[in-house]
Amino acid sequence: MRTPPRPTVTLTNTCPCCVLGGGSNCECLQEARRRRSRSRRGGPLAAERGSLQREEGVSLGFLGGGFLQVFRGFTPHPLHVSVPQTAESADKPMPEEEEADREEEEDEDTDSMEGSGLYSLTDDAERESEGGGRQRVKERRASRKRNRLGGGSNRSSSSDEEEEEPKDEDEDDDEAMEAWLKAELRELRGPVWQAVPSLRSREIGRDSQQFVRRVCGARGLVQRLELQGRLERHTGCVNTLHFNPSGTRLASGSDDLRVVIWDWAVRRAVLEFDSGHKSNVFQAKFLPHSGDSTLAMCARDGQIRVAELSATQCCKNTKRVAQHKGAAHKLALEPDSPCSFLSAGEDAVVFGIDLRLDRPANKLVVVKEGDKKVGLYTIFVNPAKTHHFAVGGRDQYVRIYDQRKINENENNGVLKKFCPSHLVSSESKTNITCLVYSHDGSELLASYNDEDIYLFDSNHSDGADYLRRYKGHRNNATVKGVNFYGPCSEFVVSGSDCGHIYLWDKFSARIVQFMEGDRGGVVNCLEPHPHLPGMATSGLDHDIKLWAPTAENTTLLKGLKEVMKKNKRERDEDDVRHGDQYDTQLLWFLMRHMRNRRPPRTRREGADADTDESWSSPDSSDEEEGGPDHVQCMSS
């Protein structure tokens, strides 16, 4: 008598008797199904099942700081045992109970950490449902066309046809929008970080130093980001956020002209002081390797100021070290220097500032396109090649300079220029509101106003096109920031005029997280923590929001498509109105003119003394003081 073949078992979540040949009829498997069925109905095993899930939860207490939270609800996949059918089993129908159990297993949702063999974060079901929805839409449209052509009883009334025609147009628009949203996307890569093997390796001392670093770049944690708390102290829009190198302190600056240093883990302000600026504070940054005692600041008044902080949690003084003839939006720190940094202003000037010198500011370059100056909104130093820096502003070009060899007589001193090919000859006046280098300086990310975000290879030759395009957000009302997220720049994060925060997977350009970030409607600033999986954000609201991956379930991206379509429609409508750019500039000019007609303001008593440099223009700050003191910076 031939012995039937032993069933093949998928070692996903098996028991010894299954491995020994019990197959799908083994007693432990049937008992597990009965227990799971009773727990779904809230039976006596429900409490036991909840306690088991809590015991299986992954504690993130090792992350320290404000992330002492517990991830709960990570339920592994149900048991899956595959048994090859023999001739006898093929003729024998499957029992009804077993078939019902299999259907329940297939319908059961899984919510888990990403990566190990027990867990899954694929969205195949969502894509299938989307595909089925599109197929149903096509079938309805074809049915309506047949009804219109068939005549007789199948033909609808004229009023019904009039109602269907706009519906058809809307469906055509929706299809075009869907095609635009899905263009230039790639498939998501498989999971990189595996929760259970990684935790096991950490417990036995293997790769423990890299554990937190790998956790911070895990897609499963990004998809579980949620609001943890708010920091409330400012009385104006918060324009800048910056963690110190160790990640224990957070600096914020606001339209209220004050700078606050936070112990963010306990949500307490440890220091608050007057910045000394006369208009909106745009950036405040800790200088590296300074013991958190030196803070560089810039503002709409064009001043570059430095605050000296003491160990007793007070500000000794602030002094002016440079002066632009226009608003200064951004500073660029050199990663290893506690005393030197760069600044860029709307006067198209880049200053190199060395605090060791009697005259700290040195004009490096005046950015031009041909003979026309290009006002600057952003600047960033390459972390791998610190003598390289990139700037962006009132045109479509990303420019890279080398501090060692800037010759303005040759190509205006530019080393390389990048621009998306379709924007080179575009009639629309696009500006770059923010750009950043990746962690190793190999990539450069640029956000364009009322356009998309583009990723460039900084090592490519001059004029190279972009690598990736990230879309769905809206960057029009203010000067938006953009940033990389993750220790190896695995994700791209940006705010939006719709008040949401978007996180894209860098490789596939697909949105993996979508969160409501600002009640005021605009998110401008996004600052990832340097060592932990979380970030701080701010916008038109007067508070700072802290985010951490503590959600039990991964994001469902609820409402994402509707918001993306709304942003695209608004952008297209604005593109039709060609005069908007001119109208904005005219309105800004009139506001400045009216303010300049007012009598000059007297100097505040007790204000910190300025250190004027001989190259500073004496009337430059008064000129820029004409801007509104409590209005978030406008797009130009």
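Residues numbered from 1 in each chain as written. Predicted model: local features only at pLDDT ≥ 70, side-chain atom pairs only at ≥ 80, totals over all residues. Heavy atoms only, no water.

**Remarks on the overall build of the chain**
Phase 1: When helices and strands are counted, the chain shows 14 helices and 32 strands.
Phase 2: Here the chain, with 636 residues, has 49% of them falling under the buried criterion.
Phase 3: Contacts in the chain between residues at least 24 apart in sequence constitute 58% of all its contacts with a sequence separation of at least 6.
Phase 4: About 31600 Å² of surface is accessible on the chain, with carbon and sulfur atoms providing 48% of the total. (Helix = DSSP H or I, 4+ residues; strand = E, 2+ residues; numbered from the N terminus. Buried < 20%, exposed > 50% of the residue type's maximum accessible area, 1.4 Å probe, protein only. Contact = heavy atoms within 4.5 Å. Areas by Shrake-Rupley, 256 points an atom, 1.4 Å probe, with all protein chains shown as cover.)

**Structural notes on the sheet that holds strand S11 (residues 315–323)**
Pairing between the strands of a sheet comes from backbone hydrogen bonds, and it takes one of two forms, parallel or antiparallel.
Phase 1: Within the open sheet, the four strands sit side by side as S8-S9-S10-S11. Their pairing is antiparallel. Strand pairing shows two members of the sheet lacking a second neighbour, strand S8 (281–286) and S11, which therefore form its edges. The mean inter-strand angle of the sheet, taken between neighbouring strand axes irrespective of direction, is 20°.
Phase 2: Where S8 lies against strand S9 (residues 294–299), five bridges are found, and the strand directions are antiparallel. Paired with Phe286 across the two strands is Leu295, which belongs to S9. (Pairing = 2+ DSSP bridges. Axes fitted to C-alpha atoms, helices over the stretch in contact; angles between N-to-C directions.)

**Focus on the environment of Thr235**
Phase 1: You can see Thr235 is positioned in the loop between strand S3 (226–232) and strand S4 (238–243).
Phase 2: Using a relative accessible area of 61% as the deciding quantity, one classes Thr235 as exposed.
Phase 3: Along the sequence, Thr235 and Asp255 sit 20 residues apart, while their C-alpha atoms lie 7.8 Å from each other.

**Considering the sheet that holds strand S28 (residues 500–505)**
Phase 1: Pairing in this open sheet of four strands is antiparallel, and the strands run S26-S27-S28-S29 from one edge to the other. One side of each edge strand has no neighbouring strand; the edge strands of this open sheet are strand S26 (482–485) and strand S29 (511–516). In this sheet, neighbouring strand axes are inclined to one another by 20° on average, regardless of whether the strands run parallel or antiparallel.
Phase 2: Contacts between helix H12 (residues 560–576) and the sheet are confined to S28 and S29, with S28 contributing the most and set at about 100° to the helix.

**A word on the packing of aromatic side chains**
Phase 1: Inspection of every chain in the model, using the stated rule, returns eleven aromatic pairs.
Phase 2: Centre to centre, the rings of Trp193 and Phe211 are 6.3 Å apart; their planes meet at 65°, and the pair counts as edge-to-face. Pair noted here: Trp193 is in the loop between helix H7 (158–182) and helix H8 (195–203) and Phe211 is in helix H9 (residues 211–216), with a separation of 18 residues, a long-range link. With respect to class, Trp193 is no different from Phe211; both count as buried.
Phase 3: Measuring from ring centre to ring centre gives 4.9 Å for Tyr454 and Tyr466, while their planes differ by 65°; the resulting arrangement is edge-to-face. Of this pair, Tyr454 sits in strand S24 (residues 453–457) while Tyr466 sits in the loop between S24 and strand S25 (468–470), placing them twelve residues apart in sequence. (Phe/Tyr/Trp six-rings, centres within 6.5 Å; stacked < 30°, edge-to-face > 60°.)

**Some thoughts on the UniProt feature "repeat: WD" (unreviewed entry) in the chain**
Phase 1: Annotation from UniProt places "repeat: WD" (unreviewed entry) at residues 231–263.
Phase 2: The span residues 231–263 carries 0% helix and 58% strand; its end-to-end C-alpha distance comes to 10 Å. (UniProt positions renumbered as here; feature names shortened; annotations may be inferred.)

**Points about the side chain of Ser496**
Phase 1: You can see Ser496 is positioned in the loop between strand S27 (491–494) and S28.
Phase 2: We classify Ser496 as buried; its relative accessible area is 0%.
Phase 3: Leave out the neighbours within four places in its chain, and Ser496 touches His473, Arg474, Lys480, Tyr502, Gly521, Val522, Val523 and Asn567.

**Considerations on the pattern of salt bridges**
Phase 1: Within the structure shown, the criterion is met by 27 salt bridges.
Phase 2: Here Lys565 makes a salt bridge to Glu178, at a shortest N to O gap of 3.3 Å. Of this pair, Lys565 sits in helix H12 while Glu178 sits in helix H7; the two residues are 387 residues apart in sequence, bridging distant segments of the chain. Each member of the pair, Lys565 as well as Glu178, is classed as buried.
Phase 3: For Arg474, the salt bridge is made with Glu570, and the minimal N-O distance between the two is 3.3 Å. A residue pair is termed long-range when its members are at least 10 positions apart, and Arg474 in the loop between S25 and S26 and Glu570 in helix H12 qualify at 96 residues.
Phase 4: Via salt bridges that share partners, Glu184, Glu451, Asp452, Arg469 and Arg571 belong to a single interconnected network. (Salt bridge = Lys/Arg side-chain N within 4 Å of Asp/Glu carboxyl O.)

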